[in-house]
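Results of the structural survey
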Amino acid sequence: MTTLERTLAKALTEIVIRLDLSEDDAIVEASMQLLEPVIALLQDLSEQDRRALAELINQFAQEETDPERHLTAWETPETLGLLA
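In what follows, the accompanying structure is described. Note that this is a predicted model, so its numbers are computed, not measured. (Residues numbered from 1 in each chain as written. Predicted model: local features only at pLDDT ≥ 70, side-chain atom pairs only at ≥ 80, totals over all residues. Heavy atoms only, no water.)

1. Some thoughts on helix α3 (residues 47-63)
For α3, built from 17 residues, the straight-helix expectation of 24 Å at 1.5 Å per residue is met to within 8% by its first-to-last C-alpha distance of 25 Å. Taken residue by residue, α3 has Arg-50, Leu-53, Ala-54, Leu-56, Ile-57, Asn-58, Phe-60 and Ala-61 as its buried positions. (Helix = DSSP H or I, 4+ residues; strand = E, 2+ residues; numbered from the N terminus. Expected span 1.5 Å × (residues − 1). Buried < 20%, exposed > 50% of the residue type's maximum accessible area, 1.4 Å probe, protein only.)

2. Some thoughts on helix α1 (residues 3-20)
Taking 1.5 Å per residue as the helical rise, α1 with its 18 residues ought to reach 26 Å, and the 26 Å between its terminal C-alpha atoms agrees with that figure. Three or more residues of α1 are buried, namely Ala-9, Leu-12, Thr-13, Glu-14, Val-16, Ile-17 and Leu-19.

3. What to know about the side chain of Thr-72
Note on placement: Thr-72 falls in helix α4 (residues 67-79). By relative accessible area, Thr-72 is classed as buried at 5%. If we skip the residues at most four places from it in the chain, Thr-72 touches Val-16, Ile-17, Asp-20 and Leu-21. (Contact = heavy atoms within 4.5 Å.)

4. Some points on the environment of Glu-64
Inspection of the secondary structure puts Glu-64 in the loop between α3 and α4. For Glu-64 and Ile-27, which are 37 residues apart along the polypeptide, the C-alpha to C-alpha distance reads 23 Å. Leaving out residues up to four positions away in the same chain, Glu-64 has contacts with Lys-10, Ile-17, Arg-69, His-70 and Ala-73. For Glu-64, the side chain forms a polar contact with the side chain of Arg-69, separated by 3.0 Å. (Polar contact = N/O pair within 3.5 Å; in protein donor to acceptor, adjacent residues only side chain to side chain.)

In structure tokens form, the structure reads like this:
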């Protein structure tokens, strides 16, 4: 993966983590609505590309030292519909 792809994958993971761990009920409630267009775009990727992105996100999850962030990052590929 290129630096650009790694950076975008990390940014996407960070967005999902922050939305998921938000204390603000309004943000939590709206987060899936915010992610729906992203999920739809990711569905247009080939299965191979979705798998590669999921693996990259899982690498970031393994680097997380905070247990809550680790769990959320680990669940990010599923949240984004990358695992079919």
